[in-house]
Amino acid sequence: MSNNILKGKKGIIFGALDQKSIAWKVAEHAHREGAEFILSNAPIALRMGTINQLAEKTNSEVIPADATSVEDLTSLFESSVQKLGGKIDFILHSIGMSVNVRKKRQYYDQNYDWTSKGIDVSAMSFHKMIQAAWKLDAINEWGSIIGLSYIAAQRVFNSYNDMADNKAFLESIARSFGYHYGVRRNVRINTISQSPTLTTAGSGVSGFDTFYNYANDLSPLGNASADDCAMYCISLFSDYTRKVTMQNLFHDGGFSFTGMSDKLMDSYSKENSDK
Ligand code: NAI
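Residues numbered from 1 in each chain as written. Predicted model: local features only at pLDDT ≥ 70, side-chain atom pairs only at ≥ 80, totals over all residues. Heavy atoms only, no water.

Once that is clear, we can look at the pairing of strand β4 (residues 88–93). In terms of burial, β4 is a largely internal element, six of the six residues being buried. With five bridges joining them, β4 and strand β5 (residues 139–149) adopt parallel strand pairing. Paired with Leu92 across the two strands is Ile146, which belongs to β5. (Buried < 20%, exposed > 50% of the residue type's maximum accessible area, 1.4 Å probe, protein only. Helix = DSSP H or I, 4+ residues; strand = E, 2+ residues; numbered from the N terminus. Pairing = 2+ DSSP bridges.)

Below is the structure:
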């Protein structure tokens, strides 16, 4: 499916690690829809991942940047504007990491150095990225910036750990910076709150398969895949959504507004009748 709705638009896509990454799918769809963009990721991820295949496929260039480094981000924006031959129209922040989650430290037993690292990578990097672009005036009017979030920002998911706090911070940055960038330069900023998705970051959360299945059974439309998420991102980068800003947009097959589903009712009543 292609309608060329991003024809003439230039962007930066952060966070494509491998073919499962949400950012990878966004890059594929953005290319199909006629956009030109730069791919970026942390230098270490570039060494470990397969991003060059994506670059070749989408005719794009890869520029490394640690998203916690203002210096890296500033030079990335400068060279992107130069290489793309003009200002940026869209940015995807598809970055998340918690050392506490990785090292299986519980929420009630945090190592605060790791907590700080997670905040910096998963949330503060969003602010740093937007501020770097702001200072260079690197984004065109009616540009669109998206960060990816999860519903643990609003509700407790037992094993999501400090990532829940990071997502709450991320969503707050979209609102606050969305105001300033909107009122001064007509740029929109939103977060998408995505279903559990089978990616490297997703599967790092303990019990991921169980809450993936639970969400799938609760959501009237089932979980949204990485591909579905990419298509939603494309619509938000396009000119069809110019007045949507400062929102946290649930993209979860209806999960966020469902209390009980037929499927879950069935599975619980079976369990009860087996007892
Ligand atoms: P992924 O593991 O493919 O992507 C995470 C990316 O963050 C990787 O490319 C990694 O290299 C990058 N990254 C980590 N540290 C970085 C740094 N210092 N500088 C630059 N990049 C850095 O996983 P996925 O699932 O595609 O994650 C993308 C976003 O979607 C994350 O924000 C994640 O929290 C969010 N999300 C994921 C869900 C899931 O179930 N997979 C559900 C809801 C949101």
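Let us now look at the packing of helix α1 (residues 22–32) against helix α10 (residues 226–237). In contact at an axis separation of 8 Å, α1 and α10 are set at 55° when each is read in the N-to-C sense. On the basis of their axis angle, the class for α1 and α10 is oblique. The handedness of the crossing between α1 and α10 is right-handed. Residue-level contacts link Ile22, Lys25, Val26, His29 and Ala30 of α1 to Ala226, Asp227, Cys229, Ala230, Met231, Cys233, Ile234 and Phe237 of α10. Class assignment of the residues belonging to the contact of α1 with α10 gives a composition of ten nonpolar, one polar and two charged. (Axes fitted to C-alpha atoms, helices over the stretch in contact; angles between N-to-C directions. Parallel < 35°, antiparallel > 145°, perpendicular 65-115°, else oblique. Left-handed = near helix turned anticlockwise from the far one by under 90°. Contact = heavy atoms within 4.5 Å. Nonpolar A, V, L, I, M, F, W, Y, C, P; charged D, E, K, R; others polar.)

Now for the layout of surface pockets. In this structure, the largest pocket occupies an estimated 1,300 Å³ of space. Taken together, 46 residues make up the lining of the largest pocket; nearest its centre are Ser94, Ile95, Gly96, Met97 and Ala201. It is helix α2 (residues 43–48) that contributes the most residues to the lining of the largest pocket, four residues altogether. Residues belonging to the lining of the largest pocket are distributed by class as follows: 24 nonpolar, 15 polar and seven charged. As for the second largest pocket, its lining consists of 18 residues, of which Tyr107, Asn158, Ser159, Tyr160 and Asn161 are closest to the centre. Among the residues forming the lining of the second largest pocket, the class breakdown is eight nonpolar, six polar and four charged. (1 Å grid on protein atoms, 1.4 Å probe; cavity = no way out; pocket = protein on both sides within 12 Å on 5 of 7 lines; lining within 4 Å. Points joined across faces, edges and corners; volume = space filled by probe spheres on them.)

This next bit is on unusual backbone geometry. Negative phi values dominate among residues other than glycine, just as trans dominates among peptide bonds. A positive phi angle is found at Asn4, which is not glycine, with a value near 55°. Tracing the sequence through the fold places Asn4 in the segment before β1 (10–14). Phi at Asn161 takes a positive value of approximately 60°, unusual for a residue other than glycine. Its place among the elements puts Asn161 in the loop between β5 and α7 (163–185). Residue Asn161 is classed as buried on the basis of its relative accessible area of 11%.

Here we come to the pattern of salt bridges. Enumeration over the complete set of coordinates arrives at nine salt bridges. Two residues, Lys57 and Glu28, come together in a salt bridge whose shortest N-O distance is 2.6 Å. Of this pair, Lys57 sits in helix α3 (residues 51–58) while Glu28 sits in helix α1, and the two are 29 residues apart along the sequence. Classification of Glu28 by relative accessible area gives buried; the value is 12%. The shortest N-O distance in the salt bridge between Lys87 and Asp137 comes to 3.3 Å. With a gap of 50 residues between them, Lys87 in the loop between α4 (70–84) and β4 and Asp137 in the loop between α6 (112–136) and β5 connect regions that are remote in the sequence. Among the charged side chains, a salt-bridge network with shared partners connects Lys87, Asp137 and Arg185. (Salt bridge = Lys/Arg side-chain N within 4 Å of Asp/Glu carboxyl O.)

Here we take up the packing of α1 against α3. With their axes 10 Å apart at the nearest point, α1 and α3 run at an angle of 10° to one another. Taken together, α1 and α3 sit at an angle that is classed as roughly parallel. Facing α1, whose interface residues are Trp24, Ala27, Glu28 and His31, α3 presents Ile51, Gln53, Leu54, Lys57 and Thr58. Taken together, the residues of the contact of α1 with α3 sort by class into four nonpolar, three polar and two charged.

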